[in-house]
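These are the residues of each chain, in order.
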Number of protein chains: 2
Amino acid sequence: MKKYQPGNIVDAAVLSTGDEVLTGDVVDSNAAFMSKELTLLGVCVQQKRTVGDDLEMIMRTISDLSNSHRILVVSGGMGATLDDLTVKAASLVSGRPLIENGIVREHLTAIEIKRQINLDHIRERQCLYPEGAKILANSIGIAPGFYMKINRADCYFLPGVPKEMRNMFLQEVLGDLKKNFQFDDTRESMRFFLFGIGESQAQGRLLRELPSELLNPFKLGFRADSPFVEVKLGLTGSADPEHIEKTRSALSECFKDYIFSHSQPLNVELVELLRQKQLSLVLAESCTGGRIASLMTEVPGASEAFKCGLVTYSNQSKEMFLGVKKKCLDRFGAVSREVAESMARGILETGTGDMAIAVSGIAGPGGGTTEKPVGTVFIAFGSKKNLETRKLIFPFGRTYFQKLASYTAIDLLRRKILGLRTNIPYYFDDLSKTNFS
Amino acid sequence: MKKYQPGNIVDAAVLSTGDEVLTGDVVDSNAAFMSKELTLLGVCVQQKRTVGDDLEMIMRTISDLSNSHRILVVSGGMGATLDDLTVKAASLVSGRPLIENGIVREHLTAIEIKRQINLDHIRERQCLYPEGAKILANSIGIAPGFYMKINRADCYFLPGVPKEMRNMFLQEVLGDLKKNFQFDDTRESMRFFLFGIGESQAQGRLLRELPSELLNPFKLGFRADSPFVEVKLGLTGSADPEHIEKTRSALSECFKDYIFSHSQPLNVELVELLRQKQLSLVLAESCTGGRIASLMTEVPGASEAFKCGLVTYSNQSKEMFLGVKKKCLDRFGAVSREVAESMARGILETGTGDMAIAVSGIAGPGGGTTEKPVGTVFIAFGSKKNLETRKLIFPFGRTYFQKLASYTAIDLLRRKILGLRTNIPYYFDDLSKTNFS
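Residues numbered from 1 in each chain as written. Chains lettered and ligands numbered in written order. Predicted model: local features only at pLDDT ≥ 70, side-chain atom pairs only at ≥ 80, totals over all residues.

Q: Quick one: what's the story with the overall build of chain A, residue by residue and with numbers?
A: In terms of regular secondary structure, chain A is built from 15 helices and 17 strands. Over its C-alpha atoms, taken along the principal directions, chain A stretches across nearly 85 × 55 × 40 Å. In chain A, buried positions account for 49% of the 437 residues. (Helix = DSSP H or I, 4+ residues; strand = E, 2+ residues; numbered from the N terminus. Buried ≥ 20, exposed ≤ 12 C-beta atoms within 10 Å, placed from the backbone.)

Set out below in structure tokens:
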């Protein structure tokens, strides 16, 4: 195996086999894992394929991919049952016959002793591997993997069970790849997580505001995971550190108001910020119905920062737990600046926390009026001494409304704590992308 | 487009494009969805591929797949940003130039009016589609899809945003395929939604308990969407109504304790049940952190049944809002049968609702002890006069613990209201499949 020189792009393909992944009964998390690991290593993954338990299709695909890529990683079909066809396919494509492999035989015997089981029924089939294949140890399962060169490619064959595949990839494949290929480890990438701006708007802004020479040796990528947008820049050639820094600060300037992190989700940012500042959060939610509390409590260790959240859906509960005045509810309506503020003051008055968020709005589909259409929401945020309320309209369906109102509330409090402006315009032009989840 | 005869196998390939799916930043749920739907329809999906935002690679793959399959479904790369290359690739492979499409132009204008936004910055690029392509409407997003014949294949190009893709597939593609191809008419005749039993356990039980002749003219399918399992039986031939009824009641008997619906999610079931019985629900959540409230309030019209939920994460808030005694907290600990019961009694005492759920547990990763390991949870449920508490252990990681505890609480209250036994054993044997999400 020759050592490739830096500058050479090492390209790879990933192949998953198995009827269950092909037909979609199982989401193919193996392929995602392998591509991610290879990409992190510096390998350029060019394609992923999935085929079923179909000998001819597996053979055709291995043959095709091993001719067109330098690395091929295959998962699935390594067991001893009749629909495990990958080993046979590798043997047929490479022209190397299946022979009994001594290392595998020993491995099976060791398992029998350790687990006190008998593997006679699979021994004969399970021990057959292509002649000359290098066995990859499976320290947690029965079927070992193997490595062999086929056509242009270094081919790694791994089991389909996710846990075993991952384990083998990390313990056996990664080190081998690092030894056999030399990767350019200077690649640097930058990431910006944005909230409050849509994908196409973010892109328009970037192309308008950034001199194109600053983007030059980078590969630019946008990913919308609504309501968030991730902007990624990966270095594709060489650039001096000064130039990289220039690009980084130009991007920071371009998206200034909308960047909330370079590494982690918005809810985690708020929990960490509260922890750092030793502040505690309390919530009074109406239309968001417990979503803000859920987003806080999904962060491990949230209890340091999050104390309690009241989901006061009925007017009675707004009065009882938050001390919102009936007069106030009658006069302004439950969805009003006054009630949102009163909810926030109410929860702060209990002395259970320093900072509060209160939300009242109309999630729909019913409940809208001309004056306050479906999608109207009032968000109160801040401390007893410094409370602010914003009115926003998100006329985008119940589920997305609830999600958007929750994240906007989190963002507003984050901004307030950091001393950033809280009157920024929020643009969500790619709303359609977000209704899932 | 010619109508293929039954008996002919209609084979298909599925292609996902996009750097984010290729590099594994996103697990490719689109491909799973499309394969599953095609398979259900009777199409034989032979392979799935994924390539990045790389024009040449997309072209090569479309060309290859459209030569070797009768149906090709492509997702991703339909937007107006620079890394959206699928439309261009389709144009180049088919030799049909990109021209401005009037239908798309009208669609964009309609969105501008409806959402009161301006799409000038994307109009020019977004309106270009291959000449002669048939537009597939996108009723919830910006970028429409399109159909065209390339080489041997009927090719459908869909957006990459999962919600839009699914919507378009169901509304535009499915009907088209049914029209153009003749599939074995597999009518779906019964569905069972199960909670509290794992997929493989459900499958084992069915094969053990059901006489095989009852399954005979049906195609049996299991789908795990953890913690739920869906069992589907589709009629593949003809059978008399009496036989169908016999099968239905045998299945009902087999899964008796675990069936919660034939049509809708568990949270919707509880909200409807409460409405029907004119009961109102109040919550006191600790470890589930607002998830039960969120599940209730995601159902439109929930306010008829759901009144309020207190997320009392700190001990102070358990005392203040629920009247849990400090002595009780000190003596038994916040995670205890006594505290869960006291939380439920506390919220019921406020008179805000008739039925209550209270949950206290250890979501982890920290906080476990030998006596009460991570995953321990106490769920109190019922009315003032008839309150019950169950202890369960779900040692499965924070996120899944919270999900499982929430749904179990909902199921327990549902069972109590319906007079079903509340001491059923819950099995979740397929946990490995569920930790994502």
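Q: Run through the interface of chain A and chain B, naming residues and quoting values.
A: Taken together, the contacts link 61 residues of chain A with 65 residues of chain B. For the side of chain A that touches chain B, the elements supplying multiple residues, two or more each, are helix H2 (29-41), strand S2 (44-51), helix H8 (199-209), strand S10 (218-225), helix H11 (291-297), strand S14 (306-312), helix H12 (315-322) and helix H15 (398-418) of chain A. In the side of chain A that touches chain B, the residues fall into 19 nonpolar, 30 polar and 12 charged. Relative to strand S14 (residues 306-312) of chain B, S14(A) is paired through 5 bridges, and the arrangement is antiparallel. Paired with A:Leu310 across the strands is B:Leu310, a residue of S14(B). (Contact = placed C-beta atoms within 7 Å. Nonpolar A, V, L, I, M, F, W, Y, C, P; charged D, E, K, R; others polar. Pairing = 2+ DSSP bridges.)

Q: Just give me the short version of the confidence of the model for chain A, but keep the residues and values in it.
A: Should pLDDT be low for a region, the predicted coordinates there are not to be read in detail. Residue and element names in this part refer to chain A. Residues of chain A with pLDDT of at least 70 account for 95%, and the chain-wide mean is 89. Note that pLDDT drops below 50 for residues 430-437; the model gives that stretch 26 contacts with residues more than four away or on any other chain. The ipTM value of the predicted complex is 0.71, and its pTM value is 0.71. (pLDDT = per-residue confidence, 0-100.)

Q: With reference to specific residues and values, describe the packing of H2(A) against helix H7 (residues 162-180) of chain A.
A: Residues and elements named next belong to chain A. Here H2 crosses H7 at 20 degrees, and the two axes come no closer than 11 Å. Judged on the interaxial angle alone, H7 and H2 are roughly parallel. H2 and H7 meet at a crossing whose hand is right-handed. Between H2 and H7, the residues in contact are Ser29, Asn30, Phe33, Met34, Glu37 and Leu41 and Pro162, Met165, Arg166, Phe169, Leu174 and Leu177, respectively. Its residues assigned to classes, the contact of H2 with H7 comprises 8 nonpolar, 2 polar and 2 charged. (Axes fitted to C-alpha atoms, helices over the stretch in contact; angles between N-to-C directions. Parallel < 35°, antiparallel > 145°, perpendicular 65-115°, else oblique. Left-handed = near helix turned anticlockwise from the far one by under 90°.)

Q: Outline the pairing of strand S2 (residues 44-51) of chain B, listing residues and values.
A: Counting buried residues in S2(B) gives 7 out of 8 residues, a clear majority hidden from the surface. Strand direction decides the pairing type here: S2(A) and S2(B), joined by 5 bridges, are antiparallel. Bridge pairing links A:Val51 to B:Gln47 in S2(B). Bridging between strand S1 (residues 11-17) of chain B and S2(B) involves 7 bridges; their strand directions are parallel. Residue pairing in the sheet places B:Asp11 in a bridge with B:Cys44 of S2(B).

Q: So what about the sheet that holds S14(A)? Which residues, and what values?
A: Strand pairs in the sheet, formed through backbone hydrogen bonds, run parallel or antiparallel to each other. The strand order S17(A)-S16(A)-S15(A)-S13(A)-S14(A)-S14(B)-S13(B)-S15(B)-S16(B)-S17(B) describes an open sheet built from 10 strands, whose pairing is mixed. One side of each edge strand has no neighbouring strand; the edge strands of this open sheet are strand S17 (387-393) of chain A together with strand S17 (387-393) of chain B. Put simply, the sheet's adjacent strands are angled 10 degrees from each other on average, direction ignored. Across 7 bridges, strand S15 (residues 355-361) of chain A lies against strand S16 (residues 376-383) of chain A in antiparallel orientation. Pairing of A:Ser360 across the sheet is with A:Phe378, part of S16(A).

Q: Summarise the environment of A:Gly309; cite the residues concerned and give the values.
A: Within the secondary structure, A:Gly309 sits in strand S14. The class of A:Gly309 is buried, set by 34 C-beta atoms lying within 10 Å. Taking C-alpha positions, A:Gly309 is 7.2 Å from A:Glu285, a pair spaced 24 residues apart along the chain. Residues within four places of A:Gly309 in sequence aside, it is in contact with A:Val282, A:Leu283, A:Glu285, A:Ile292, A:Ala293, B:Gly290 and B:Val311.

Q: Break down the nonpolar core for me, with residues and values.
A: Counting residues in each nonpolar core, the largest one holds 143 residues, and the members touching the most others are A:Leu194, A:Ile347, B:Leu194 and B:Ile347. Excluding anything up to four places from it in sequence, A:Leu194 contacts A:Ala202, A:Phe228, A:Val229, A:Val231, A:Phe255, A:Tyr258 and A:Ile259. Among the nonpolar cores identified, the runner-up in size contains 101 residues, and A:Val51, A:Tyr129, A:Cys155 and B:Val43 belong to it. (Core = buried A, V, L, I, M, F, W, Y, C linked by C-beta atoms within 7 Å.)

Q: Talk me through the domain arrangement of chain A; I want residue IDs and the actual numbers.
A: When cut into domains, chain A gives domain 1 (11-180), domain 2 (189-261) and domain 3 (266-434). Distance from the C-alpha centre of domain 1 of chain A to the C-alpha centre of domain 2 of chain A: 38 Å. (Domains from an automatic or database assignment.)

Q: Describe the sheet that holds strand S7 (residues 145-150) of chain B, listing the residues and the values that go with them.
A: Read from one edge of the open sheet, 12 strands run S6(A)-S7(A)-S8(A)-S3(A)-S1(A)-S2(A)-S2(B)-S1(B)-S3(B)-S8(B)-S7(B)-S6(B), paired in mixed fashion. This sheet does not close on itself; its edge strands, each paired only once, are strand S6 (134-136) of chain A together with strand S6 (134-136) of chain B. Pairwise comparison of adjacent strand axes, ignoring direction, gives a mean angle of 20 degrees for this sheet. Strand direction decides the pairing type here: S1(B) and strand S3 (residues 71-75) of chain B, joined by 5 bridges, are parallel. Directly across from B:Ala13, in S3(B), lies its bridge partner B:Leu72. Taken strand by strand, H2(A) contacts strand S1 (11-17), S2 and strand S3 (71-75) of chain A, and its axis lies near 165 degrees from that of S1(A).

Q: A description of H7(A) should follow, citing residues and the corresponding values.
A: With 19 residues, H7(A) extends 25 Å from end C-alpha to end C-alpha; this agrees with the ideal 27 Å at 1.5 Å per step. At A:Phe169, H7(A) shows its maximal bend, which comes to roughly 40 degrees. (Expected span 1.5 Å × (residues − 1). Bend = angle between axes of the 7 residues up to and from the residue.)

Q: Tell me about helix H9 (residues 241-254) of chain A, and name the residues and values.
A: In an α-helix, one full turn covers 3.6 residues, which means residues spaced three or four apart are oriented alike. All names here are of chain A. With 14 residues, H9 ought to run about 20 Å at 1.5 Å a step, and its terminal C-alpha atoms sit 20 Å apart, in line with that. Thr247, Leu251 and Cys254 are the residues of H9 that are buried. Projected down its long axis, H9 carries its buried residues within an arc of 60 degrees, all on one side. In H9, the exposed residues that point more than 90 degrees away from the buried face are Pro241, Glu242, Glu245, Ser249 and Glu253. Along its buried surface, H9 packs onto strand S9 (189-195), H8, S10 and strand S11 (228-235). (Arc of directions from axis to C-beta.)

Q: How would you summarise the pairing of S10(A) if you had to cite specific residues and measurements?
A: Residues and elements named next belong to chain A. Both S10 and S11 contribute to a ladder of 8 bridges, which runs antiparallel. Paired with aspartate 225 across the two strands is phenylalanine 228, which belongs to S11. In sequence, S10 turns back onto S11 through a hairpin of 2 residues.

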